[in-house]
Amino acid sequence: MSDEETKPTDFIREAVAEDLRSGRFKTVRTRLPPEPNGYLHIGHVKAFMIDYLIAKENGGELILRFDDTNPTREETEFVEAIEEDARWLGIEWVKVTYASDYFDELYEWAKRLVLMGKAYVDDQTPEEVSANRGTLTEPGKNSPYRDRDVEENMDLLERMKDGEFPEGSRILRAKIDMAHPNINMRDPAMYRIIHNPPHHRTGDKWKIYPMYDWAHGQNDSMEGITHSLCSLEYENHRPLYEWFPEQLGVFKPRQIEFARLNLTYTVMSKRKLRRLVEEKVVNGWDDPRMPTLRAMRRRGYTSAAVLDFIRRVGVAKNYSVSDVSLLEACVREDLNKNSPRRMAVLKPLKVVIDNYPEDLVEEMDAVNNPEDVNAGTRKVPFSKTIYIEQDDFRETPPPKYYRLFPGNEVRLRYAYFIKCTHVIKNDKGQITEVHATYDPSTRGGDSADGRKVKSTIHWVSARHAQEAEIRMYDRLFTKEDPEEGEEGFLSCLNPNSLEILTGKVEPDLASPEVGSRFQFERLGYFSVDSDSTPGRPVFNLTVNLKDTWAKMEKKG
RNA sequence: UGGGGUAUGGUGCAACGGCAGCACACCAGCCUUUGGAGCUGUGGAUCUUGGUUCGAAUCCAGGUACCCCAGCCA
């Protein structure tokens with residue numbers, strides 16, 4: 001986390017503080033309401049942190065409540081995954097509940113509404129219900145079943161619950177106002193009939209399931225949630241959110257809406273993410289190119305960096321799209337301070353140092369992390385033949401190119417100055433070997449005579465090099481807003497979002513711990529992938545280092 | 001053409017009637033055994049038209065643009 005602990009403030013925090021001051025609420029209790037039908041992504045983190053931090057900052061509590069009101073969509077496998085991801089973020093909750101825990105009580109409340117004449121069973125077909133809802137500019141029409149008497153409604157509702165009627169044949173609706181300008185108030189559905197599949201927790205006990213508007217708000221009330229914080233799209237639902245508890249005379253939580261997180265160069269909806277997985281654009285939900293938390297974790301992002309990003313993005317009601325480069329900046333900032341450095345050559349080019357003794361091996365001292373003196377040093381073996389990065393050599397250098405080229409002298413990091421003498425090519429004209437001479441008086445990288453070089457490059461001793469698979473990731477899409485693609489988001493996929501290389505890394509990286517992170521000097525941050533096997537490590541590019549030269553070269 | 005919202009540099013967020021600021025991005029320079037990191041600096045914004053006021057991003061009125069809503073999804 002950067003800078004001093006300035007308490008972020010925003011319109012929600014101000015509203016909550018005001019509610020406490022005015023006595024509207026005495027404590028703060030919030031809830032995390034995920035639907036267990038998918039994996040958490042970066043967009044959820046914003047919502048989660050708002051709920052969690054606002055409770056925490058006010059000495060209140062957070063309840064993790066799974067919104068499992070629709071057995072046709074939800075699966076129990078996601079419950080665990082969501083908890084795991086939320087824990088990774090450091091979120092703490094006082095208890096885990098399920099909307100389905102309250103099905104009995106909720107049903108009792110529905111019957112109260114029926115008894116009050118505020119809800120009725122409607123026998124219209126789904127098509128009729130839709131047709132009679134009216135339009136945005138025209139009022140709806142009352143259902144012919146709207147004025148059924150209470151006894152009949154109670155009887156029908158009970159039989160709906162017991163499974164006497166087929167799916168889609170009837171619903172329970174609140175009786176509000178079919179002419180209401182807010183469509184959500186035109187007698188919204190409270191219960192629909194669902195026979196199959198069985199619910200992941202209540203099995204086949206229920207044949208009717210509550211709709212979101214009915215369940216969510218009443219669950220909030222039952223749990224004593226004071227502030228129900230949600231995204232902007234629920235603004236239109238607030239009148240209904242307030243109507244139910246008002247009729248019932250029960251505790252009334254306050255709903256406040258904020259703008260959800262959007263990110264450039266990515267998509268966030270479950271539907272689109274699922275398509276990426278199902279159409280094998282990516283290799284699963286934890287493919288490091290996905291915006292899911294498991295993917296970001298696998299890629300090497302730290303939770304601290306993700307949280308820092310969320311903090312910096314702030315909270316407001318503007319529709320907004322945050323720049324993914326801010327996320328990357330947060331990741332770099334964290335990893336720069338905390339990850340040990342190593343040398344790795346991604347695209348190897350062989351360099352033979354002609355005046356270096358044939359069999360000599362020297363152990364060079366290398367600093368583990370210049371940002372952290374406590375990280376210490378290590379020994380790196382050096383020998384006559386080494387690998388350097390192909391990018392670090394040019395036979396004919398462009399202007400401002402400081403790296404190795406014939407006649408030029410550079411520093412091998414922590415080793416020696418070398419000067420390129422000539423190159424050897426194969427019959428296709430490709431360079432197969434670069435030859436150089438070294439200056440023995442520059443051991444460690446400092447010249448005795450005060451001579452300067454303009455460039456320092458990284459290297460790995462050929463004899464000692466550990467081979468490694470390196471997965472280079474880039475943005476999944478070529479457009480800031482993938483939706484801009486002519487035929488939707490799948491039409492602007494970045495064909496180079498994954499490049500797999502076989503590189504050479506320092507020998508101590510033969511069997512690194514899965515999940516551990518390193519900075520490969522001058523390249524970027526990498527984390528050890530779970531696909532690694534002993535002696536064959538696999539590294540994921542977490543985020544590259546800023547590359548000033550690449551930028552200059554691009555501009556020309 | 002109903003209802004609900006939102007408009008501040010490229011992006012995101014502040015400023016709550018009193019000098020429009022911060023971060024990222026961008027650009028220039030310094031420094032450097034990572035062309036990394038770090039440091040310094042430049043440029044650039046209040047949707048519009050009126051009104052109130054000594055003074056308006058902020059208050060008022062009228063426009064404009066954009067977002068959300070017509071699931072028995074959440």
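For the structure, check the block above.
One structure accompanies this document, and this report is about it. Keep in mind the model is a prediction, meaning the values are calculated, not measured.

Let's shift gears to the overall build of chain A. Each helix and strand in chain A was counted, giving 13 helices and 25 strands. Here the C-alpha atoms of chain A give a radius of gyration of 31 Å, more than 25% beyond the 24 Å that 2.2 N^0.38 yields for 556 residues. With the principal axes as the frame, chain A shows a C-alpha extent of 100 × 55 × 45 Å. Out of the 556 residues in chain A, the part that is buried amounts to 53%. Counted over contacts in chain A with a minimum sequence separation of 6, partners at least 24 positions apart contribute 72%. Put simply, chain A shows about 25600 Å² of open surface, and 47% of that area lies on carbon and sulfur atoms.

Helix length check: helix α1 (residues 11-22) (12 residues) gives 16 Å between terminal C-alpha atoms against 16 Å at 1.5 Å per residue, within 8%. Residues I12, R13, A15, V16 and D19 constitute the buried set of α1. What you see down the axis of α1 is that its buried residues fit within an arc of 160°, all on one side. Against the buried residues of α1 lie α2 (42-57), β8 (227-231) and β9 (254-258). Where α1 begins, the capping side chain belongs to D10, and its oxygen is found 3.0 Å from the backbone nitrogen of I12. The positive-phi residue at the C-terminal boundary of α1 is G23, with phi of around 85°.

On the basis of which strands lie adjacent, the open sheet formed by 7 strands has the order β19-β16-β17-β18-β12-β15-β20 and mixed pairing. Only two strands of the sheet have a single partner each, and these edge strands are β19 (456-457) and β20 (459-461). Taken together, the 3 bridges between strand β12 (residues 348-353) and strand β18 (residues 431-439) define a ladder with parallel strand orientation. The residue of β18 that forms the bridge with V351 is V434.

This part takes up the protein's contact with RNA strand B. Within the structure, RNA strand B sits among 66 residues, and N318, R341, R411, G444 and T548 are positioned closest to it. Taken together, the sugar and phosphate atoms account for 65% of what RNA strand B places within 4 Å of the protein. Note that a sugar or linking oxygen of RNA strand B is positioned 3.1 Å from one of the side-chain N or O atoms of D67. Among the elements of the structure, α5 (126-131), β6 (189-193), α11 (303-313), α12 (324-338) and α13 (548-555) are those that each provide at least two residues to the surface near RNA strand B. Residue contributions to the surface near RNA strand B peak at 5 residues, all from α13. Of the residues in the surface near RNA strand B, the class split is 23 nonpolar, 20 polar and 23 charged.

This part is about the packing of helix α4 (residues 103-115) against helix α7 (residues 212-223). In the contact formed by α4 and α7, the axes pass within 11 Å of each other and the chain directions differ by 110°. Our classification of the angle between α4 and α7 gives roughly perpendicular. Touching E105, L106, W109, A110 and L113 of α4 are W214, A215, Q218, S221 and M222, all from α7. Per-class residue counts for the contact of α4 with α7 are 7 nonpolar, 2 polar and 1 charged.

Let us now look at the packing of aromatic side chains. For the coordinates displayed, the defined rule picks out 23 aromatic pairs. Taking the centre distance of 4.5 Å and the plane angle of 20° together, the rings of F520 and F526 count as stacked. Each member of the pair, F520 as well as F526, carries the same accessibility label: buried. Three or more aromatic residues link up through ring pairs in this structure, and these residues are F103, Y107, Y191, W206 and Y209.

What follows deals with the packing of α1 against α2. One way to put it is that α1 packs onto α2 with a least axis distance of 11 Å and a crossing angle of 35°. With respect to the hand of their crossing, α1 and α2 are arranged in right-handed fashion. Contacts from I12, R13 and V16 of α1 reach α2 at I50, L53, I54 and E57.

For an α-helix, 3.6 residues make a turn, and residues three or four places apart therefore share a direction. Relative to the 21 Å expected for 15 residues at 1.5 Å per residue, α12 spans 21 Å between its end C-alpha atoms, a close match to the ideal helical length. Residues of α12 that are buried in the fold lie against α11, β10 (341-342), β23 (517-520), β24 (524-528) and β25 (538-544). Between the side-chain oxygen of the N-cap and the backbone nitrogen of S325 there are 3.0 Å, and the N-cap of α12 in question is D323.

I91 and L276 are the most contacted members of the largest nonpolar core, which totals 53 residues. Broken down by secondary-structure element, the contributors of at least two residues to this core are α2, β2 (61-66), α3 (77-88), α9 (270-278), α10 (293-299), α11 and α12. Not counting chain neighbours up to four residues away, the residues in contact with L276 comprise V267, V281, V282, M290, L476, F477, F489, L490 and L493. A119, L157, I194 and W214 belong to the second-largest nonpolar core, a separate cluster that totals 33 residues.

Turning our eyes to something else, we now look at the pairing of strand β22 (residues 498-505). Bridge count for strand β11 (residues 344-345) against β22 is 2 bridges, and the pairing is antiparallel. Residue pairing across strands places A344 opposite V505, the latter belonging to β22. For strand β21 (residues 466-473) and β22, the ladder comprises 8 bridges, and the chain directions are antiparallel. From the neighbouring strand, Q466 faces β22, where its bridge partner is V505.

About the thresholds
Residues numbered from 1 in each chain as written. Chains lettered and ligands numbered in written order. Predicted model: local features only at pLDDT ≥ 70, side-chain atom pairs only at ≥ 80, totals over all residues. Heavy atoms only, no water. Helix = DSSP H or I, 4+ residues; strand = E, 2+ residues; numbered from the N terminus. Rg over C-alpha atoms; globule rule 2.2 N^0.38 Å. Buried < 20%, exposed > 50% of the residue type's maximum accessible area, 1.4 Å probe, protein only. Contact = heavy atoms within 4.5 Å. Areas by Shrake-Rupley, 256 points an atom, 1.4 Å probe, with all protein chains shown as cover. Expected span 1.5 Å × (residues − 1). Arc of directions from axis to C-beta. Polar contact = N/O pair within 3.5 Å; in protein donor to acceptor, adjacent residues only side chain to side chain. Pairing = 2+ DSSP bridges. Near = heavy atom within 4 Å. Nonpolar A, V, L, I, M, F, W, Y, C, P; charged D, E, K, R; others polar. Axes fitted to C-alpha atoms, helices over the stretch in contact; angles between N-to-C directions. Parallel < 35°, antiparallel > 145°, perpendicular 65-115°, else oblique. Phe/Tyr/Trp six-rings, centres within 6.5 Å; stacked < 30°, edge-to-face > 60°. Left-handed = near helix turned anticlockwise from the far one by under 90°. Core = buried A, V, L, I, M, F, W, Y, C linked by side-chain atoms within 4.5 Å.

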